[in-house]
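# Commentary on secondary and tertiary structure
Spelled out from the first residue to the last, the chains are:
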Amino acid sequence: MAFVVSDELLGTFVPIAVYWLYSGLYVVLDGLGMDDYRLHPKGEEARNIVSKWTVVRGVLVQQAFQIAVSLLLFTVLGDENGIVRKQPSALVIALQFIIAMFVMDTWQYFMHRYMHINKFLYKHVHSKHHTLVVPYAFGALYNHPLEGLILDTIGGALSFLISGMTPRTGIFFFSFATIKTVDDHCGLWLPGNILHVFFSNNSAYHDIHHQLYGNKYNFSQPFFVMWDKILGTYMPYTLETRKGGGFEARPVKLNQAQQTKAD
């Protein structure tokens, strides 16, 4: 008898495999020498407070929580008869993707921003992610488990439920969201990156947020920048060539009205 893996299981484990494969690709590229495309010189990684092995362990812990919650969700919502939901038309799937992206961005913007506003949550929860002052690909999900539960797991569940997508569509959506999140933290500005064509929320945009001067700006993740622009937390920047190689995302000075609104 053939062994069949359900869409629910694939939707749980495929994005995790994508996370390590895609971030692993950046590790390989880094080994080949990417100094001309870095947003920070390699020596600046010493500013990061935690080691890369600590980051790996932390990400694995968060992913274990995600697996547990996902399996619980699919168990509660699953069809006891094992009937696989029929895939809708390509147009409906595209609409579900857009809705899911909007829901995820909305949830993550407000939760992310609140974790910066609330001093207790920032100190004891969100600051863990900001120990990576110089982001890199496989550190994208280095978070406190509570933050991973609130931002990523609950945000993902809401995106899935509100959009009405099937578990099969979820495999592709969450894999895409994973690729986007890893790319935003890769610390590189690579020519020809197709994600930069479609999204202004990118590695340079998010790098601004990881710096001290951008701590109260650029909360949007992982797709669009609309909530930052609507609510006055958008920090524009210029991407300039660094002397000695690589690029630097430099913030454009904000006027006093924008500064006050963000604070």
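Residues numbered from 1 in each chain as written. Predicted model: local features only at pLDDT ≥ 70, side-chain atom pairs only at ≥ 80, totals over all residues. Heavy atoms only, no water.

### Structural notes on the overall build of the chain
A count of helical and extended segments in the chain gives ten helices and two strands. Here the C-alpha atoms of the chain give a radius of gyration of 19 Å, agreeing with the 18 Å that 2.2 N^0.38 yields for 263 residues. In terms of overall dimensions, the chain has a C-alpha envelope of 60 × 45 × 35 Å along the principal axes. Taken over 263 residues, the chain has a buried fraction of 47%. Put simply, 70% of the contacts in the chain that link residues at least 6 apart link residues at least 24 apart. A total accessible area of about 13,600 Å² is found for the chain, and carbon and sulfur atoms account for 69% of it. Once the 20 positive and 19 negative side-chain charges of the chain are each reduced to a mean point, those two points are 6 Å apart. (Helix = DSSP H or I, 4+ residues; strand = E, 2+ residues; numbered from the N terminus. Rg over C-alpha atoms; globule rule 2.2 N^0.38 Å. Buried < 20%, exposed > 50% of the residue type's maximum accessible area, 1.4 Å probe, protein only. Contact = heavy atoms within 4.5 Å. Areas by Shrake-Rupley, 256 points an atom, 1.4 Å probe, with all protein chains shown as cover. Lys, Arg positive; Asp, Glu negative; His and termini not counted. Charge placed at Lys NZ, Arg CZ, Asp CG, Glu CD.)

### Side note on the nonpolar core
Counting residues in each nonpolar core, the largest one holds 31 residues, and the members touching the most others are Tyr26, Val55, Phe173, Val182 and Phe223. Of all the elements in the fold, those that place two or more residues in this core are α1 (7–32), α2 (52–77), α3 (90–117) and α6 (167–184). Sequence-distant contacts of Phe223, defined by excluding residues within four places in its chain, comprise Met101, Met104, Asp105, Phe173, Phe176, Ala177, Lys180, Phe199 and Asn201. Formed by eight residues, the second largest nonpolar core is a distinct cluster that contains Leu39, Ala204, Ile208 and Met235. (Core = buried A, V, L, I, M, F, W, Y, C linked by side-chain atoms within 4.5 Å.)

### A look at a nonpolar patch on the surface
Taken together, the side chains of Val5, Leu9, Leu10, Phe13 and Leu71 define a hydrophobic patch exposed on the protein surface, amounting to about 350 Å² of accessible area. In terms of residues, the nonpolar patch owes the most to one element, α1, which gives three residues. Within the secondary structure, Leu10 is located in helix α1. Leu10 sits in the partly exposed class, given a relative accessible area of 31%. (Patch = residues over 30% accessible without salt bridge, like charges linked within 9 Å, V, L, I, M, F, W, Y side chains within 5 Å. Salt bridge = Lys/Arg side-chain N within 4 Å of Asp/Glu carboxyl O.)

### With respect to the UniProt feature "domain: Fatty acid hydroxylase" (unreviewed entry) in the chain
Taking the numbering used here, the UniProt-annotated feature "domain: Fatty acid hydroxylase" (unreviewed entry) corresponds to residues 97–233. Secondary structure over residues 97–233 splits into 61% helix and 0% strand, and the C-alpha atoms at its two ends are 25 Å apart. (UniProt positions renumbered as here; feature names shortened; annotations may be inferred.)

### Regarding helix α5 (residues 145–163)
Side chains three or four residues apart in an α-helix point the same way, a direct result of the helix having 3.6 residues per turn. The terminal C-alpha atoms of α5 lie 25 Å apart, and with 19 residues this matches the ideal 27 Å at 1.5 Å per residue to within 8%. Along α5, the helix axis deviates most sharply at Ile154, where the bend reaches about 25°. For α5, the set of buried residues is Glu147, Gly148, Leu151, Asp152, Thr153, Gly155, Gly156, Ser159, Phe160 and Ser163. In the segment just after α5, Gly164 is the residue with positive phi, at about 75°. (Expected span 1.5 Å × (residues − 1). Bend = angle between axes of the 7 residues up to and from the residue.)

### Topic: the UniProt feature "transmembrane region" (unreviewed entry) in the chain
Under the feature "transmembrane region" (unreviewed entry), the UniProt entry names residues 12–33, 54–77 and 89–110. Between the C-alpha atoms that bound residues 12–33 there is a distance of 33 Å. The span itself is 95% helix and 0% strand. The span residues 89–110 is 95% helical and 0% strand by assignment, and the distance between its end C-alpha atoms comes to 32 Å.

### Overview of the packing of aromatic side chains
Taken as a whole and judged by the stated rule, the model has 16 aromatic pairs. With a centroid separation of 6.1 Å and 45° between ring planes, the pair formed by Phe176 and Phe199 is classed as tilted. With Phe176 in helix α6 and Phe199 in the loop between α7 (194–198) and α8 (203–210), the pair connects residues that are 23 residues apart, well separated along the chain. One aromatic cluster in this structure is built from Phe97, Phe173, Phe174, Phe176, Phe199, Phe223 and Phe224. Between Lys229 and the ring centre of Tyr234, over which it is positioned, the NZ or CZ distance is 5.0 Å. (Phe/Tyr/Trp six-rings, centres within 6.5 Å; stacked < 30°, edge-to-face > 60°. Lys NZ or Arg CZ within 6 Å of the ring centre and 35° of its normal.)

### Structural notes on the environment of Met165
Tracing the backbone shows Met165 in the loop between α5 and α6. Once the C-alpha coordinates of Met165 and Gln87 are considered, the two residues, 78 residues apart in sequence, prove to be 8.7 Å apart. Residue contacts for Met165: discarding those within four places in its chain leaves Arg85, Gln96, Ala100, Phe160, Gly170 and Phe173.

### Some remarks on the packing of α3 against α5
Packing of α3 against α5 leaves a shortest axis separation of 8 Å and a crossing angle of 155°. Overall, the two elements α3 and α5 adopt an arrangement that is roughly antiparallel. When you trace α3 past α5, the crossing you get is right-handed. The residues of α5 that touch α3, namely those facing Gln96, Ile99, Ala100, Val103, Met104, Trp107, Gln108, Met111, His112 and Met115, are Glu147, Ile150, Leu151, Asp152, Ile154, Gly155, Gly156, Leu158, Ser159, Ile162 and Ser163. Class assignment of the residues belonging to the contact of α3 with α5 gives a composition of twelve nonpolar, seven polar and two charged. (Axes fitted to C-alpha atoms, helices over the stretch in contact; angles between N-to-C directions. Parallel < 35°, antiparallel > 145°, perpendicular 65-115°, else oblique. Left-handed = near helix turned anticlockwise from the far one by under 90°. Nonpolar A, V, L, I, M, F, W, Y, C, P; charged D, E, K, R; others polar.)

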